[in-house]
Amino acid sequence: MRPPPLLVRRAVIDVVWVPLAAALAVLATILALVTVPLGRRRRVPRLTLMAALYLLVDAALVVSCAALWVRHPDPRRRGRSWADAHEHLLHRALALLIAAAGPLLGFRMQVEETPARGRLAGRPLLVLARHGGPGDSFAIAELLLSRYQRRPVIVLKEVLRWDPGLDLLLSRMPSCFLPARASGRDLPARVAEAAASLAETDAILIFPEGGNWTPRRHLRALDRLRDRGRPAAAARAAANPHV
């Protein structure tokens, strides 16, 4: 479902979302406390606590973005401090979620770098990433911000505008929301427009597959290529089992 128009999102959804998210976070916390005695691994309370944290972080992003707008209402007078403030908001939100994902979800991140890291300074980067599960885009964006001091310019689905915090924050940062129903020619043009404004400390982050990778989904993709009479493309795809 396509997100509603901008005016509806800002005047209705964002306003309603803050108290609603807070109330849902309280309910999730109560559910976590009630379900602690159930099961040795405590999966339900850990998941509900993570959900509560996400709701609170998302609501906090809406409030923080509103406060920044009050401080800088005139678009013509917004300078580097406006961009830096939103980048800082994104970094803090992602760092908090990643830090909580460790004890609550058992999330771990291992980084293997190539020797070319030192030669990448002074120019923008193109980062091609594979969706491997929920939250991986958060982890990669946080890694770009913290470890590599790069501002991520994220290419993401337009449906994510339903998330008020992400919608408000990323709409004010260099981002590229792609609609689900757009012509094949239109999508590369949108990505190219986002890439044209990259600074030397930026990194454009693209998830080419647009969905989580699974072995079953990979096999279905091979079957579709063969059904469409594209054996060469199917052979190339079969030789790349991880994408």
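The model shown is predicted, which means the values in this text are computed figures rather than measured ones. (Residues numbered from 1 in each chain as written. Predicted model: local features only at pLDDT ≥ 70, side-chain atom pairs only at ≥ 80, totals over all residues. Heavy atoms only, no water.)

J.: Which residues make up the overall build of the protein chain, and what are the values?
T.: Scanning the protein chain for helices and strands turns up eight helices and four strands. Across the protein chain, helices and strands are ordered from the amino to the carboxyl terminus as α-α-α-β-α-β-α-β-α-β-α-α. With respect to the principal axes defined by its C-alpha atoms, the protein chain has extents near 55 × 55 × 40 Å. Relative to its 243 residues, the protein chain shows a buried fraction of 35%. Pairs at least 24 apart in sequence give 67% of the contacts found in the protein chain among residues at least 6 apart. (Helix = DSSP H or I, 4+ residues; strand = E, 2+ residues; numbered from the N terminus. Buried < 20%, exposed > 50% of the residue type's maximum accessible area, 1.4 Å probe, protein only. Contact = heavy atoms within 4.5 Å.)

J.: Outline the pattern of salt bridges, supporting the account with residue identities and numerical values.
T.: Per the counting criterion, the structure on display carries 11 salt bridges. One salt bridge connects Arg80 with Asp84, and the closest N-O pair in it is separated by 2.9 Å. With a gap of four residues between them, Arg80 and Asp84 both fall in helix 3 (residues 80-105), about one helical turn apart. (Salt bridge = Lys/Arg side-chain N within 4 Å of Asp/Glu carboxyl O.)

J.: So what's going on with the packing of aromatic side chains? Which residues, and what values?
T.: Enumeration according to the criterion identifies one aromatic pair in this entry. Ring plane angle 10 degrees and centroid distance 6.1 Å describe the contact between Tyr54 and Phe138, whose orientation is recorded as stacked. Placement of Tyr54 in helix 2 (residues 43-71) and of Phe138 in helix 4 (residues 136-146) is noted, with a sequence separation of 84 residues between them. By relative accessible area, Phe138 is classed as partly exposed at 22%. Here the basic side chain of Arg78 rests over the ring of Trp82, its NZ or CZ set 4.0 Å away from the ring centre. Stacked on the ring of Phe177, the Lys or Arg Arg161 has its end atom at 3.7 Å from the ring centre. (Phe/Tyr/Trp six-rings, centres within 6.5 Å; stacked < 30°, edge-to-face > 60°. Lys NZ or Arg CZ within 6 Å of the ring centre and 35° of its normal.)

J.: Quick rundown of the packing of helix 1 (residues 6-35) against helix 5 (residues 164-172)? Include the residues and the values.
T.: Relative orientation and spacing of two packed helices are given, respectively, by the angle between their axes and the distance between those axes. Their axes nearest at 10 Å, the elements helix 1 and helix 5 cross at an angle of 130 degrees. Accordingly, the angle class assigned to the pair helix 1 and helix 5 is oblique. With respect to the hand of their crossing, helix 1 and helix 5 are arranged in left-handed fashion. Contacts between helix 1 and helix 5 involve Arg9, Arg10, Ile13, Asp14 and Trp17 from the first element and Pro164, Asp167, Leu168 and Ser171 from the second. (Axes fitted to C-alpha atoms, helices over the stretch in contact; angles between N-to-C directions. Parallel < 35°, antiparallel > 145°, perpendicular 65-115°, else oblique. Left-handed = near helix turned anticlockwise from the far one by under 90°.)

J.: So, the state of the cysteines: which residues are in play, and what are the values?
T.: Within the structure shown, the criterion is met by zero disulfides. Not part of a disulfide, Cys65 finds its nearest cysteine sulfur in Cys176, a span of 19 Å. For Cys65, a relative accessible area of 0% puts it in the buried group. Taking relative accessible area as the criterion, Cys176 reaches 5% and is therefore assigned buried. (Disulfide = S-S within 2.5 Å.)

J.: Help me get a handle on the pairing of strand 1 (residues 125-128), residues and values and all.
T.: Residue alternation in strand 1 divides its side chains into a buried set, Leu125 and Val127, and an unburied set, Leu126 and Leu128. Alignment of strand 1 against strand 4 (residues 202-206), held across four bridges, turns out to be parallel. Bridged to Leu125 within strand 4 is Ala203. (Pairing = 2+ DSSP bridges.)

J.: With reference to specific residues and values, describe a nonpolar patch on the surface.
T.: A contiguous nonpolar patch, built from Val8, Val12, Val15, Val16, Leu20, Leu24, Val26, Leu27, Ile30 and Val34 and spanning about 840 Å² of accessible area, is present on the exposed surface. Note on placement: Val16 falls in helix 1. (Patch = residues over 30% accessible without salt bridge, like charges linked within 9 Å, V, L, I, M, F, W, Y side chains within 5 Å. Areas by Shrake-Rupley, 256 points an atom, 1.4 Å probe, with all protein chains shown as cover.)

J.: Which residues make up the sheet that holds strand 2 (residues 151-157), and what values do they have?
T.: The parallel open sheet is built from four strands, whose spatial order is 1-4-2-3. Every other strand in the sheet has two partners, leaving strand 1 and strand 3 (176-178) as the edge strands with one partner each. The average undirected angle you get between the axes of adjacent strands in this sheet is 20 degrees. Here four bridges tie strand 2 to strand 4, and the two strands are oriented parallel to one another. Within strand 4, the residue paired with Ile154 across the bridge is Leu205. Running over the sheet, helix 4 touches strand 1, strand 2 and strand 4 and is turned about 165 degrees from strand 2. With respect to the sheet, helix 6 (residues 186-196) is in contact with strand 2, strand 3 and strand 4, its orientation differing from that of strand 3 by roughly 170 degrees.

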